[in-house]
Amino acid sequence: MADFALYAYQEEVVQRALRGENTIIWLPTGGGKTRAAVYVAKRHLETTQKAKVVVLVNKVHLVDQLYNNEFMPHLGSKYDLVAVSGVSEEKDFFGRVVQDSDVVICTAQILYNALTNMEESKHVELSDITLLIIDECHHTNKDSVYNKVMACYVEKKLKREGPLPQILGLTASPGTGGAKILEKAVDHVLQICANLDSAIVSTQLYAPELKEKVPRPIKTFDIVEKRPEDPFGDHLKWMMQLIHDYMNLPPDFRLRECGTQEYEADVVILEQRGVREDNRLLAQCALHLRQYNDALLINDTLRMMDAYQSLVEYYKQTTEIDGTDMFLTGLFYENEVELRKLAGIPLYENPKMFKLESTLLKQFNPSVKSRGILFSKTRKSTHCLRDWVLNNKALQEAGIKAAVLTGAGNGISYMTQSEQADTIRNFRRGTLNLLISTSVAEEGLDIPECNLVVRYGLLTNEIAQQQASGRARARDSQYSVVAQKGGREVRRELINEHLEELTGKAIAKIQEMSLHEFRRKITQLQTDAVCCRKIAESRKIQRRSRNTADSISLLCRNCFTHVASGSDIKLVDGVHYVNVNPDFKRHCRFGGQVMLERNFEDWEPGRTICCNNGGCNKDWGFEMKYKKVALLPNLAIKNFALETPDGRTTVKKWKDVTFTVEDFSFEDYCHDNFPDLFD
């Protein structure tokens with residue numbers, strides 16, 4: 001294919017795939033994995049009868065990116081390509097789309113839904129596909145959608161049911177799965193290989209060329225001395241101690257150091273215990289302590305005023321039901337003036353911000369074209385950092401034009417997919433030269449070469465670190481870690497360097513195995529995984545059968561008011577848990593219209609729903625209008641407590657409840673709510 005050249009190292013890693021073998025291509029970020037995959041797909045389409053290529057991604061925004069930037073330019077003139085995601089109408093007749101297309105690029109969830117949906121226009125069999133390409137395939141583990149798709153594949157393989165598609169996985173790093181020693185790291189990578197039924201390949205002959213084409217950035221640790229004084233943080237800790245004293249902490253419970261992730265984990269458990277024990281004082285104090293701990297974490301990373309504002313925003317939304325609420329809100333407002341005064345004293349400002357400023361100024365100035373990414377932990381922190389950049393005179397004079405890039409979703413702090421695309425487009429054009437991003441920019445997104453990557457206030461694994469580092473692909477680019485001296489970020493960064501090296505050694509060990517040994521180990525892991533899934537599914541059914549639906553009561557998680565029975569809850573289209581009891585609405589207060597970027601086949605969102613008990617206002621979910629007729633409260637179980645025969649409990653997701661939720665019947669709903677029409 002003279003019109004489609006690969007580098008020698010890319011040609012090396014695709015050879016086994018071109019022979020029809022299942023393979024995982026392991027190349028660093030920027031190494032051209034996707035281009036190699038397009039090459040394999042093109043050859044496959046040219047040489048395979050009735051070829052059908054499906055490309056899976058794990059994030060919606062990657063569907064159009066791979067379609068427009070990678071596959072369409074090389075395959076579009078000869079083959080029918082289609083991109084399908086949750087926002088596409090094609091998802092509603094996906095089975096037909098697969099039949100009529102040569103190449104389908106979609107989210108993994110779309111394919112998994114099609115494999116399990118028996119409706120003719122939506123159903124797809126794995127035997128319909130001849131080549132299945134899986135992007136960022138290191139996510140094929142545990143309960144991920146990738147692994148659910150591949151579980152279908154593995155079960156058919158072990159039963160010798162075919163034909164099955166060829167598998168091609170793409171990854172910058174399979175990681176070690178948390179393993180710190182070589183033997184366990186090998187086990188982790190082998191499990192990824194087993195889940196994908198694939199061997200892992202990397203360049204052996206052309207490693208120097210790869211190193212030349214994908215240079216590693218110059219890594220620096222920009223270290224900051226600890227704040228000599230922090231009266232703002234000290235005042236927050238003093239307020240937290242007052243709450244500790246007020247709530248009478250259970251004698252068997254010990255809170256770890258405040259201002260840490262461990263403390264946050266402790267107060268989450270404490271809130272759950274308060275709910276279980278019908279101790280609203282304990283539960284509410286724990287919720288407020290979490291907000292103060294968040295403020296301490298913000299104070300450690302961002303400006304004092306950002307920490308102060310986070311508390312102001314929280315207390316604007318709090319309501320008072322009893323004396324506990326009055327104490328907690330009163331404590332904040334009694335100290336608000338003092339907190340604001342302390343947050344405004346420049347002498348005590350966070351030294352990390354000054355170090356971050358100097359790091360950016362080394363790379364940015366009006367006479368040099370620089371492009372960088374500043375990685376931060378949360379959506380809130382990215383917005384605070386953008387505000388800081390826009391209001392920092394030195395950074396503005398240096399010509400920094402910054403924008404936020406965060407994950408797509410619904411809510412004020414999320415970006416829409418079109419906003420994401422606009423931001424990346426402006427970054428590519430040079431209208432913007434600094435992206436302030438969460439982890440969304442680490443993986444997959446087609447972001448141009450940068451000469452500066454800064455990791456700021458981050459504790460992540462070795463995979464995320466390698467992907468972030470890989471964004472600094474320009475010659476002599478810099479990868480900076482801004483952190484406090486002796487802090488956890490530095491320790492984590494050094495551990496990740498060790499784990500990156502360990503991953504390489506684990507892969508080398510696997511590649512040294514004989515084909516017979518490798519296949520034996522893979523088959524054993526696959527057989528074990530099938531057994532484990534069957535046992536897990538059996539336990540799930542047992543858990544769901546532990547209680548009857550009418551023996552369960554749902555309580556508002558904030559005010560503990562009984563608002564529904566488990567038998568009121570029905571499951572719509574296997575996804576939405578709704579309350580069909582008309583009396584439930586008297587417990588509800590309805591808010592503004594919910595706006596979603598995508599459209600759905602059978603439903604549309606209505607208004608927000610919260611608790612109507614006194615001044616509670618706890619968010620519960622939102623209305624959904626089903627088939628343009630049924631207006632149903634769509635509830636998030638995390639906002640409720642469950643009163644069961646075994647006691648009170650909380651769960652994060654509906655799949656964890658201990659009773660069976662029956663499917664929603666639209667016909668029964670119509671008969672119950674419009675009886676006059678069906679006499």
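It should be emphasised that the depicted structure is a prediction, and the values quoted were computed from it without experimental measurement.

Asks: Is there a simple way to explain the environment of Ile200 in this structure?
Replies: Within the element layout of this structure, Ile200 appears in strand β7 (residues 199–201). Taking the C-alpha atoms as reference points, Ile200 and Lys505, separated by 305 residues in sequence, lie 13 Å from one another. Non-local contacts of Ile200, meaning those with residues more than four positions away in its chain, are made with Ile24, Trp26, Pro174, Val189, Cys193, Ile507, Ile510 and Gln511.

Asks: So what exactly am I meant to see when it comes to unusual backbone geometry here?
Replies: What you tend to see is this: most non-glycine residues have negative phi, and most peptide bonds are trans. Looking along the chain, the bond that leaves Gly162 and enters Pro163 is cis, with omega of -5 degrees. A positive phi is found at Arg160, a non-glycine position, where the angle reads about 60 degrees. For Arg160, the location among the structural elements is in the loop between α6 (145–158) and β6 (166–171). By relative accessible area, Arg160 is classed as exposed at 78%.

Asks: Would you take a moment to explain the nonpolar core for this structure?
Replies: Across soluble globular proteins, nonpolar side chains show a tendency to be buried alongside one another. The biggest cluster of nonpolar side chains holds 54 residues, and the ones touching the most others in it are Phe232, Tyr292, Leu356, Leu360 and Leu385. Of the residues forming this core, the biggest block, eight residues, is contributed by helix α11 (residues 280–301). Once you skip the residues sitting within four places of it in the chain, Leu385 turns out to touch Leu302, Met353, Leu356, Leu374, Ser376, Ile436 and Tyr456. With 47 residues, the next largest nonpolar core counts Leu56, Leu126, Ile167 and Ala194 among its residues.

Asks: Explain the pairing of strand β1 (residues 23–26) to me, please; I cannot follow it from the model alone.
Replies: Regular strands place side chains that alternate from one sheet face to the opposite one. Bridge count between β1 and β7: three bridges; the pairing is parallel. Of the residues in β7, the one forming a bridge with Ile25 is Val201.

Asks: Please explain the packing of aromatic side chains as it appears in this structure.
Replies: Centre-to-centre distance and the angle between the planes together describe a pair of aromatic rings. The tally for this structure, following the rule as stated, stands at 14 aromatic pairs. Ring geometry for Trp603 against Phe622: centres 6.2 Å apart, planes inclined by 25 degrees, an arrangement best described as stacked. Separated by 19 residues along the polypeptide, Trp603 in strand β19 (residues 603–611) and Phe622 in strand β20 (residues 619–626) bring together distant segments of the chain. Ring centres 5.2 Å apart and planes at 35 degrees place the aromatic pair Trp620 and Phe640 in the tilted group. You can see Trp620 sitting in strand β20 and its partner Phe640 sitting in strand β22 (residues 640–644), a full 20 residues away along the chain. Per residue, the accessibility class of Trp620 equals that of Phe640, and both read buried. A network of ring pairs unites the aromatic residues Tyr292, Tyr314, Tyr315, Phe332 and Tyr333 as a single cluster.

Asks: Hey, could you run me through helix α19 (residues 488–512) in this one?
Replies: Turn by turn, an α-helix covers 3.6 residues, leaving residues three or four places apart pointing in a common direction. A rise of 1.5 Å per residue sets the reference length of α19, with its 25 residues, at 36 Å; its end C-alpha atoms lie 36 Å apart and thus fit the reference within 8%. For α19, every residue scored as buried is listed here: Glu489, Val490, Glu493, Asn496, Leu499, Leu502, Thr503, Ala506, Ile507 and Ile510.

Asks: What is the right way to read the packing of helix α1 (residues 8–18) against helix α2 (residues 33–47) from this model?
Replies: Helix-helix packing: each pair is described by the crossing angle between the helix axes and the interaxial distance. Remark: α1 packs on α2, axes separated minimally by 10 Å, with the N-to-C direction vectors making an angle of 40 degrees. By the angle between their directions, the pair α1 and α2 is classed as oblique. Relative to α2, the crossing made by α1 is right-handed. From α1, Gln10, Val14, Ala17 and Leu18 reach across to α2, where they touch Arg35, Ala36, Tyr39, Val40 and Arg43.

Asks: Hey, could you run me through the sheet that holds β1 in this one?
Replies: Whenever strands of a sheet pair, they do so through backbone hydrogen bonds, lying parallel or antiparallel. In space, the seven strands of this open sheet follow the order β3-β4-β2-β5-β6-β1-β7, with parallel pairing throughout. Each edge of the open sheet carries a strand with a single partner, namely β3 (81–84) and β7. Across the sheet, the mean angle separating the axes of adjacent strands is 20 degrees when strand polarity is ignored. The strands that helix α5 (residues 108–116) touches are β2 (53–57), β3, β4 (103–107) and β5 (131–134); relative to β4, the one it contacts most, it runs at about 100 degrees.

Asks: Sorry, what's going on with the sheet that holds strand β13 (residues 478–484) here?
Replies: Pairing within the open sheet is parallel, and its six strands lie in the order β8-β13-β12-β9-β11-β10. Because the sheet does not close on itself, it has two edges, and the strands there are β8 (218–224) and β10 (402–405). Looking at each pair of strands side by side, their axes are set apart by 20 degrees on average, direction ignored. The pairing of strand β12 (residues 452–456) with β13 spans five bridges and is classified as parallel. Among the inter-strand pairings, Arg455 is bridged to a residue of β13, identified as Val481.

Asks: When you look at a positive patch on the surface in this model, what are you seeing that I'm missing?
Replies: Where like charges cluster on the molecular surface, the positive patch consists of Lys148, Lys540, Lys652 and Lys653. Structurally, Lys652 can be placed in the loop between β23 (647–649) and β24 (662–663).

Asks: Could you clarify how one ought to interpret the pattern of salt bridges in this entry?
Replies: Overall, the coordinates contain 36 salt bridges when judged by the stated rule. Lys219 serves as the salt-bridge partner of Glu497, at 2.5 Å between the closest nitrogen and oxygen. Of this pair, Glu497 sits in helix α19 while Lys219 sits in strand β8, placing them 278 residues apart in sequence. Of the charged contacts in the structure, one is a salt bridge between Asp322 and Arg280, with a shortest N-O distance of 3.0 Å. Taken together, the residues Asp322 in the loop between α12 (304–317) and α13 (323–343) and Arg280 in helix α11 connect sequence positions 42 residues apart. Taking the relative accessible area as the measure of exposure, Asp322 reaches 25% and is therefore partly exposed. On the basis of relative accessible area, Arg280 is assigned to the buried category, the value being 10%. A single salt-bridge network, built from bridges that share partners, covers Lys219, Arg455, Glu493 and Glu497.

Conventions used here
Residues numbered from 1 in each chain as written. Predicted model: local features only at pLDDT ≥ 70, side-chain atom pairs only at ≥ 80, totals over all residues. Heavy atoms only, no water. Helix = DSSP H or I, 4+ residues; strand = E, 2+ residues; numbered from the N terminus. Contact = heavy atoms within 4.5 Å. Buried < 20%, exposed > 50% of the residue type's maximum accessible area, 1.4 Å probe, protein only. Core = buried A, V, L, I, M, F, W, Y, C linked by side-chain atoms within 4.5 Å. Pairing = 2+ DSSP bridges. Phe/Tyr/Trp six-rings, centres within 6.5 Å; stacked < 30°, edge-to-face > 60°. Expected span 1.5 Å × (residues − 1). Axes fitted to C-alpha atoms, helices over the stretch in contact; angles between N-to-C directions. Parallel < 35°, antiparallel > 145°, perpendicular 65-115°, else oblique. Left-handed = near helix turned anticlockwise from the far one by under 90°. Patch = residues over 30% accessible without salt bridge, like charges linked within 9 Å, V, L, I, M, F, W, Y side chains within 5 Å. Areas by Shrake-Rupley, 256 points an atom, 1.4 Å probe, with all protein chains shown as cover. Salt bridge = Lys/Arg side-chain N within 4 Å of Asp/Glu carboxyl O. Lys, Arg positive; Asp, Glu negative; His and termini not counted. Charge placed at Lys NZ, Arg CZ, Asp CG, Glu CD.

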